[in-house]
Each structure stands twice: as structure tokens, then as C-alpha cells.
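Spelled out, the chains give:
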Amino acid sequence: MLSVLLEMRPRRASGLPPGQRLLRGFPRFADNPLRSPPLTGSLQLDIDGEGLAAPLVLKATDLAALPQCSQTNDFHCVTTWTTQGLHWQGVSMRDVWNDIISPLLAEGAAPTFITVDGLDGHSAVFLLEDLLGPDVLIATSLNGQPLDRRHGAPLRLVSPGQYGYKSVKHLERLALHNQEPRSILGSKEHLRARVAFEERHKWIPAWILRRVYRALIPITAVLAERSLLLADSPPAIRRDAAQGIRFQRPAAAVAAVLVANIASVHAYWALGGRWPGTDEMSLARRVVGDTTAMPHPAAIALVPVPLAGVAALLLDFAGRSRLSRPAPRKRAGLRLFVILTALRALAGATGSTIAVLRGTKVPYFRLDLLIFSPLCALLAGLTAFVVAGEGGTRRVEKKR
Ligand SMILES: Nc1nc2c(c(=O)[nH]1)N[C@H]1C(S)=C(S)[C@@H](COP(=O)(O)O)O[C@H]1N2
Ligand SMILES: [Mo]
């Protein structure tokens, strides 16, 4: 995921179309990045609509019978990123039209609009003239490899002169129309979307949209990558992501900060710090209940060691991607921490309550009741919540 972000830094470069910025890689991108790419079965393209007496189905063999072409093009997304030098192979849309569709049109039929649909529900509207441009391809391979799920398997339309949203991936269907059909993309879709004329949107001026779109590039790329990862993940993980282990990560982050602070305070005492007391005795009366002295500094210095480990584990949980689960040992470590902090909270709650009820004058017991024990209970709860999310995943997975 991080590498996706690092790659997503479009730069100014000379020779690009108006408003475009150069990107080194070719990210997975999508009009709706939350939508996973479809599982694709055998290659098949349906063609129907006005002017055709009967729907047509093109199979792999029909496409293989047409002249195969290859071309190298730049690809321009409407959000302003451009990637250069993509090498596509496939059949020319013009050949499909002239050799297969056109002969089957009824006398006098002259459809002028075509909708192009993808298996994931994406769709684009074309003026026939644009679809029959000399460089419009039905691509079967990219850079020498058959198209993969990332870039539009098994078939993809490639229209280099138009913004990327016209280059429909996972091509499923062409439909012919006499009148301009409604766009499922709404006003986001310009009928022509010619890159050279910066036709980004039906009515919002390109110079405004550039900035808005540009800001959306990294998040779109990350979400699109995530949907691809999800599509390739086991069902249990997909379900998890759908339900959202949404609050576990912030909980882990909060717990990590608390634990790190507790560790720091112990380190400070080990080094001779006396706050929140004024001397050793008053400090001891506040934080350990002993009325004479603090434990040996070496003993205090040992406390931050396991706590730093716990903080690191919690940070690991807070920062991990939802799709990668921490190792069982890390979860076991946090479970042990849950047990210890819960026991500490319980002991404090009972012991200190009794002491306070007996009218003790040692400030530790009141602080323990008000701060230390509740803090331990909070940490136990937060950490249990964090690990429970993970456990849930594991249980579902076991059932498979
Ligand atoms: N089926 C389908 N095709 C699609 C899209 C989509 O969401 N679904 N997004 C379009 C957009 S906005 C862009 S920029 C390109 C991205 O292509 P890529 O994922 O190969 O980079 O695909 C286009 N074709
Ligand atoms: Mo795009």
C-alpha cells in the first residue's frame, strides 16, 4: 500500500496534454475505487441494440480471426495523471465494426451512439465517430502479457485520445443507440472526453476540475489497490473488511500511547525523578503505598522494558493493513497483557477500596482507586478489543 502511495506522485513534464502530470507507474485506478474487479470467466463480448436484428456474441475465436494489431500509447486519466508508453495488443475496433457489426445492421440503420459496458458495472458512452478512431483497440494484452485483473482482463477497450474513463476494462457489452443514451457516470462523463481539448466534464470548467481531481489521485489509487487485494483475499478477510475492523486500529493507537507514557514515567522514576511527590517518601506514598521508600531503581527500571514491547505490539496492530494479520505470537503477547492489566485493575479495585473504607491516610490508595486501577482496566479493555477483532477473523477462517 505504501509503495502505491510513493508511486502516486505525478510530476510536471514537457510534452504532456493540457493539465496532465506524469506518473512513473501504471496504477490500478477506477471510477469507483471501492468496487472490486470482477472475477472473469471465459472471454465473451455481447453486442446488441438498435439496428441489429439479433444480438451478437463474439468469442475469443472470433477476435483471433481478425487482424491482430499492437500499438504504443500514453494513457491519460481525467484526474490528471498520465502514464507513458503502454504497449497494447488486440484487434482494432474499426475492424470489429466493419467486418462483424456493420454487415449485420438492418437496411438504413445508422446508430450514432454506442455504450460500452464493463463486467464491474462501469460504462461509457461513445459517439460512433470516436469509437471508430484509428487507434481505438479492443485489447487482449498489455506490455506482452495477457491482460490481468488489475488492468481489465479479459478484454479492454483502449481509446488513447480520450480520458481514461472511456477505456472500459473487463469489457462485457457494446450497445448501439440512435439517440444519445443516459450516462451512468452522470455529468462526470463528457460525451467526447478528448484529451487534446481537455474535455474532462460535461459542464465544470477543466481548470477548476484539475485541482479537485488532482487531490483525489492518491486516495483513489490506494482504495483501488485495496479493492484488488480484497478481491484476491480469502472470503473470511473479505467479510472482515466488509464489516470493517474499523475501530480496532484507533483503539490500538490510543492504547499504545498510554502504555508508552506509563513506560516513560517509570523510566523517569528509575532515573531519580520525584514527581508527583517532592522527595522519595512522598513519591512512595503516592505511587506505591509504601510510607518509607520507593523500590530499588533497578527494579523500577525493569518495568519499561515489557511495556515498551507491548507499546510496539500495539503500534504494529494500529499500523497494519486490514488485509495482513499479525502473527499469532504477537496476539498471544497482547492477550497476556490483557490478563495482567485486568488482574492489576481487579486487585487495585478491591484492595484500595478496602483501604479507603478503613480510612487510610496513604494517598496511594485513593489515587489507585481513581486513576491507576481504572487506567489498567481501560488498557485491558482496549487491548482485549484490539485482539478480539483479530480473533474474530481467525474463527471465521477456521470454519472454511
Ligand atoms: N470496468 C471499468 N473500467 C474502467 C474503470 C472502472 O472503474 N471500471 N475506470 C476507468 C478509469 S477512471 C481509469 S483512469 C482507467 C484506469 O485503468 P487502470 O486501472 O488500468 O489504470 O480505467 C477506466 N476503465
Ligand atoms: Mo480515470
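Residues numbered from 1 in each chain as written. Chains lettered and ligands numbered in written order. Predicted model: local features only at pLDDT ≥ 70, side-chain atom pairs only at ≥ 80, totals over all residues. Heavy atoms only, no water.

In the annotation of an unreviewed UniProt entry, the entry for the protein reads DUF3995 domain-containing protein, and the organism field reads Cryobacterium sinapicolor.

Draft legend 1. Molecular detail of the packing of aromatic side chains. Per the stated rule, a full pass over the model turns up seven aromatic pairs. Ring plane angle 85 degrees and centroid distance 6.4 Å describe the contact between Phe 26 and Trp 88, whose orientation is recorded as edge-to-face. With Phe 26 in the loop between strand E1 (21–22) and strand E2 (44–49) and Trp 88 in strand E5 (residues 81–92), the pair connects residues that are 62 residues apart, well separated along the chain. Each member of the pair Phe 26 and Trp 88 is classed as buried. Seen from their ring centres, Tyr 364 and Phe 365 are 5.2 Å apart, and the 75 degrees between their planes marks the pair as edge-to-face. Cluster of aromatic residues (ring-pair linked, three or more members): Phe 26, Phe 29, Phe 75, Trp 81 and Trp 88. (Phe/Tyr/Trp six-rings, centres within 6.5 Å; stacked < 30°, edge-to-face > 60°. Helix = DSSP H or I, 4+ residues; strand = E, 2+ residues; numbered from the N terminus. Buried < 20%, exposed > 50% of the residue type's maximum accessible area, 1.4 Å probe, protein only.)

Draft legend 2. Inspection of the UniProt feature "transmembrane region" (unreviewed entry) in the protein at higher detail. Per the UniProt record, "transmembrane region" (unreviewed entry) is annotated on residues 251–271, 298–315, 336–357 and 369–389. Helix makes up 95% of residues 251–271 and strand 0%, whereas the separation of the span's terminal C-alpha atoms amounts to 31 Å. The distance separating the terminal C-alpha atoms of residues 336–357 is 31 Å; by composition the span is 100% helix and 0% strand. (UniProt positions renumbered as here; feature names shortened; annotations may be inferred.)

Draft legend 3. A look at the pattern of salt bridges. Counted according to the given criterion, the structure contains 14 salt bridges. One salt bridge connects Arg 173 with Asp 48, and the closest N-O pair in it is separated by 2.9 Å. Within this pair, whereas Arg 173 is found in strand E11 (residues 171–177), its partner Asp 48 is found in strand E2, the two being separated by 125 residues in sequence. What makes Arg 173 partly exposed here is its relative accessible area of 30%. Looking at Asp 48, the relative accessible area reads 18%, which means it is buried. (Salt bridge = Lys/Arg side-chain N within 4 Å of Asp/Glu carboxyl O.)

Draft legend 4. Region of the structure containing the nonpolar core. One finds Ile 114, Val 116, Ile 138 and Leu 157 to be the most contacted residues of the largest nonpolar core, which totals 29 residues. Sorting the residues of this core by element identifies E2, strand E3 (56–59), helix H3 (93–101), strand E6 (113–118), strand E7 (123–127), helix H4 (128–131) and E11 as the ones contributing at least two each. Looking at this core element by element, the count peaks at five residues for H3. Apart from the residues lying within four places of it in its own chain, the contact partners of Val 116 are His 122, Ser 123, Ala 124, Phe 126, Leu 131, Leu 157, Val 168, Leu 171, Arg 173 and Leu 174. Membership of the second largest hydrophobic core comes to 27 residues, among which are Val 4, Cys 77, Leu 86 and Trp 88. (Core = buried A, V, L, I, M, F, W, Y, C linked by side-chain atoms within 4.5 Å. Contact = heavy atoms within 4.5 Å.)

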